[in-house]
Amino acid sequence: MRPQWRKYLGVRAPRYTSYPSALRFDGQTTSADYRKRLSEVGLYEPLSLYIHIPFCRRMCWYCGCNMRVENDYSRALRYVEALNEEIALVGRALAGAGRPLSVHFGGGTPNYLKTDEIAAILEAVELSLGLTDSTRLSIELDPRLIADGDIESLGSLGFSRMSLGVQDFDPAVQAAINRIQSFDLIDSAVGEMRRIGVDDISFDLLYGLPLQTLDTFEESLTKTVALAPDRVAVFGYAHLPAALPRQRLLDESLLPADELRADLADLADRMLVEAGYRRIGFDHYAKPDNPLARAEMDGRLRRNFQGFTDDPADTTLGFGASAISQVGGLYAQNAKSLADYYDCIRSFDLATARGLILSPREQTIGRIIREILCRSKADIAPLMAALAPKEAAAVRGRLDALEADGVISTQGDTVALAPEARALARVVAMALDPDEKSGAPEAGRAFARAV
Amino acid sequence: MSERLATSEKQCMAPERAKSCDLCDVRGSSICADLGPREFTHVEKTMARRKISRNKTLMVEGEPNDALYIVVDGSFRLLKVLEDGRRQVTGFLFKGDFVGVRSTDESAYTAEALEDSSVCIFPHRYLDEIAIDAPGVKDRLIARGQTEYHKAQDHIVLLGKKTAEERVLSFLQLISKTIGADDGPDRRHVPLPMPRQDIADYLGLRLETLSRTLASLKQDGRILELARHFVVLAA
């Protein structure tokens, strides 16, 4: 990283998996809004479904997800029942419209559920929303909970994309984050996936974890490359103990400094690119023949709540506690607590608790920010036109500063991210965001570091 | 566009041109039924019949189409390509059904023959000419033109059904109404010219669910016979 870019290391920036960020959702948006938008979905409109399973067997101290440690499986059964009821409610609101292109199970830990429950959820989707053999099914897996035969059962249910939460292979780092999983465990999971023909295996890695050094991370990356997943997502750990009490369990004094964080990210980038992976957005890597890489090459890369994706659907329907739906310029987020979620479903209501109806201005800003993140380039004229003169001047000022540092180049109204500055994409996105008043390190404590 | 049309006219008008509409199987059930004798004389003159072999397309999504087609023999599937390149079966056409009610620069779907089939072609520009001499022809065509819209309506109703059994049975009954035939007392023979995968896709079901549902309908006697290309329903 160039020396003049070091000052951006401490900048905290939203992840821009949505615009506006989910932190700006409010209680004005109701289930009636969501229901209305659902009723406007077109007959063959592509849908992307997200199913949230909030349970985990153990707590990982870095986790920022909506999850709970649960030891009583009957509670999971109850949740699945509510989930299937929610799927039916959404199906009734859609009344036959919409076609699911993909179903993604995320968490928490989706494989906290036994295969029978996952099959039951798929059946509910099939009967209420439609599910065909070509619908892409993907699932996030905790390698520690994969029992004999699980991968094969998931494969026969039609799951063709499997994502493993690897984080880091180093035993000391794993102990510091309370997620101990041996290399052999991951190795055998990958072997089993390959054996049954899963050709889209993804690893999640985290940098910025306690005790990580360039040496330990290099070792983890070497192991990753040896197992040859089809995709790797390399996320920076977001330490936000004020907002996420469980992160206080993690020994803050062991966290790598900003400089080291950046070096770890650089190391991952270099090693994965050397191993033949293609850079996708600012934190994903994929083998060149992977659908994500092809989407990136064809300019079809998108960004959704899971990160960068090749899923072409404009409409995302989220199911389960805290899940977010995006339909027709509306974000609708379900109740976060299980109790509130169950209350809604029990009264046969959709579980919307918060959300946002996007104004045309917000839609424009969101579109330009996604352009920058997905294509490293955007024509910002529509964004500038949507801003008040004062805001536009502020955006212009921030862009000028970034250009002076060589982070971006501009030609007319087109802003292009410098190829080596890909890690700073979120800083550029924030410069375009009129709601982020400043890129100063002390701003926006609610967000994670940009790098 | 006129070149495409010219080719198709050449191909299909010559050999079958002489065939009289009087002999047409579907005349009573298709849009022609509404035409008066005078209009009919015009239509007969300008109409062309064309054979479409199995798997060949009648019209292609995204390409211009400037003719109205009536299926006189065989069957078609209607397909749409979804954003990610996958195909979605959006409906089926049987004898007497028609597509292309308005000329368009971009057809909304592809129509592909499920078996060797024939259609009557009515180029819209001829229909426009007829309309000068016989006002109202187009109106009547457009009035019946809702059929295309009805196909979408049928589909959304099927997709809105909440059990696989209901969905499959309603589908079979729909086909039965269009091309089914009584086959002895309380027996209704329903041809299924389309592959099972198309039916599953059309109904938003997995192939395995469709097979299981058909088997269970056979088990409880609502389907009397279950074969690859037909079923016999208990009437």
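Worth saying up front: this structure is predicted, and the values here are computed from it rather than measured. (Residues numbered from 1 in each chain as written. Chains lettered and ligands numbered in written order. Predicted model: local features only at pLDDT ≥ 70, side-chain atom pairs only at ≥ 80, totals over all residues.)

### Topic: the overall build of chain A
Scanning chain A for helices and strands turns up 14 helices and 19 strands. Taken over the C-alpha trace, chain A has a radius of gyration of 21 Å; the compact-globule value for 451 residues is 22 Å, and the two agree within 12%. For the C-alpha atoms alone, the extent of chain A along its principal axes is close to 55 × 50 × 40 Å. The 451 residues of chain A split such that 49% are buried. Within chain A, contacts between residues at least 6 apart in sequence are counted, and of these 74% link residues at least 24 apart. (Helix = DSSP H or I, 4+ residues; strand = E, 2+ residues; numbered from the N terminus. Rg over C-alpha atoms; globule rule 2.2 N^0.38 Å. Buried ≥ 20, exposed ≤ 12 C-beta atoms within 10 Å, placed from the backbone. Contact = placed C-beta atoms within 7 Å.)

### A word on the overall build of chain B
When you go through chain B residue by residue, the secondary structure sums to eight helices and twelve strands. Every one of the 235 residues in chain B was classed for burial, and the buried ones make up 33%. Counting contacts in chain B only where the partners sit at least 6 residues apart, residues at least 24 apart contribute 72% of the total.

### Quick notes on the interface of chain A and chain B
Facing 18 residues of chain A, the contacting portion of chain B comprises 23 residues. Elements with a minimum of two residues in the side of chain A that touches chain B: β4 (99–107) and α3 (115–128) of chain A. In terms of residue count, α3 of chain A provides more of the side of chain A that touches chain B than any other element does, three residues in total. Here the residues of the side of chain A that touches chain B sort into ten nonpolar, five polar and three charged. (Nonpolar A, V, L, I, M, F, W, Y, C, P; charged D, E, K, R; others polar.)

### Digging into the pairing of strand β14 (residues 324–327) of chain A
Here β14 of chain A shows no split at all, with I324 and Q326 of chain A on one side and S325 and V327 of chain A on the other all buried. Between β14 of chain A and strand β15 (residues 330–334) of chain A, which follow one another and run antiparallel, lie two residues, and G328 of chain A among them has a positive phi close to 50°. (Pairing = 2+ DSSP bridges.)

### Let's talk about helix α6 (residues 183–195) of chain A
All names here are of chain A. For α6, with 13 residues, the first-to-last C-alpha span of 18 Å sits near the 18 Å given by 1.5 Å per residue. Looking only at α6, the buried set comprises I186, A189, V190 and M193. Down the axis of α6, the buried side of the element spans an arc of 95°, and every buried residue falls inside it. Of the exposed residues in α6, the ones pointing more than 90 degrees away from its buried face are D184, G191 and R195. The inward-facing, buried residues of α6 contact α4 (150–157), β6 (159–167), β7 (200–207) and α7 (214–227). The positive-phi residue at the C-terminal boundary of α6 is G197, with phi of around 90°. (Expected span 1.5 Å × (residues − 1). Arc of directions from axis to C-beta.)

### Focus on the nonpolar core
In this structure, Y207, I372, L424, V428 and L432 of chain A together with Y69 of chain B are the most contacted members of the largest nonpolar core, which totals 183 residues. Among the elements that take part in this core, helix α2 (residues 73–94) of chain A stands out by supplying eight residues, more than any other. The contact partners of L432 of chain A, leaving out residues within four places of it in the chain, are I368, I369, I372, I380, L383 and V395 of chain A. (Core = buried A, V, L, I, M, F, W, Y, C linked by C-beta atoms within 7 Å.)

### Regarding the domain arrangement of chain B
All names here are of chain B. Assigned domains within chain B: domain 1 (2–145) and domain 2 (160–234). The interface of domain 1 with domain 2 comprises nine residues on the first partner and seven residues on the second. Examining the composition of the side of domain 1 that touches domain 2, we find that three residues originate from one element, strand β5 (residues 87–93), more than from any other. In terms of residue class, the side of domain 1 that touches domain 2 is built from four nonpolar, two polar and three charged. (Domains from an automatic or database assignment.)

### Side note on the environment of F55 of chain A
All names here are of chain A. With respect to the secondary-structure elements, F55 resides in strand β2 (residues 55–56). C-alpha of F55 to C-alpha of Y79: the two residues are 24 residues apart in sequence and 9.7 Å apart in space. Apart from residues lying up to four places away in sequence, F55 is in contact with M67, R68, E70, A76, G108, T109 and Y112.

### Remarks on the sheet that holds strand β8 (residues 117–123) of chain B
Residue and element names in this part refer to chain B. A sheet is described by the order of its strands in space; here four strands give the open sequence β1-β8-β3-β6, paired in antiparallel fashion. Across the chains shown, the open sheet's two edge strands, defined by having one partner strand only, are β1 (48–52) and β6 (98–99). Alignment of strand β3 (residues 67–73) against β8, held across six bridges, turns out to be antiparallel. Counterpart to V71 in the pairing with β8 is V119. Packing of helix α3 (residues 124–133) onto the sheet brings it into contact with β3 and β8, and relative to β8 it is tilted by some 50°. (Axes fitted to C-alpha atoms, helices over the stretch in contact; angles between N-to-C directions.)

### Overview of helix α14 (residues 425–432) of chain A
Residues and elements named next belong to chain A. The element α14 is extensively covered by neighbouring structure, given that eight of its eight residues are classed as buried. All of the buried residues along α14 are A425, R426, V427, V428, A429, M430, A431 and L432. Looking at the buried side of α14, the elements it contacts are α11 (360–375), α12 (381–386), α13 (389–404), β18 (408–411) and β19 (414–417).

### What to know about the domain arrangement of chain A
Residue and element names in this part refer to chain A. Partitioning chain A into structural domains gives domain 1 (1–17 + 360–451) and domain 2 (21–319). Relative placement of domain 1 and domain 2: their C-alpha centres are 26 Å apart. Contact with domain 1, which involves 17 residues of that partner, is made by 23 residues of domain 2. Elements with a minimum of two residues in the side of domain 1 that touches domain 2: α11 and α14. The element that contributes the greatest number of residues to the side of domain 1 that touches domain 2 is α11, accounting for four residues. Grouping the amino acids of the side of domain 1 that touches domain 2 by side-chain chemistry returns ten nonpolar, two polar and five charged.

### Topic: the sheet that holds strand β11 (residues 223–226) of chain B
Residue and element names in this part refer to chain B. With respect to topology, four strands assemble into an open sheet ordered β9-β10-β12-β11, the strand pairing being antiparallel. The open sheet has two edge strands with one neighbour each: β9 (181–182) and β11. Both strand β10 (residues 187–191) and strand β12 (residues 230–234) contribute to a ladder of five bridges, which runs antiparallel. Looking across to β12, one finds that R188 is bridged to L233.

### Some words on the environment of A323 of chain A
All names here are of chain A. Positionally, A323 belongs in the loop between β13 (315–319) and β14. In this structure A323 comes out as buried when scored by C-beta crowding, with 26 C-beta atoms within 10 Å. Taking C-alpha positions, A323 is 6.2 Å from H52, a pair spaced 271 residues apart along the chain. Discounting residues that sit within four places of it in the chain, A323 has contacts with Y50, H52, G318 and N334.

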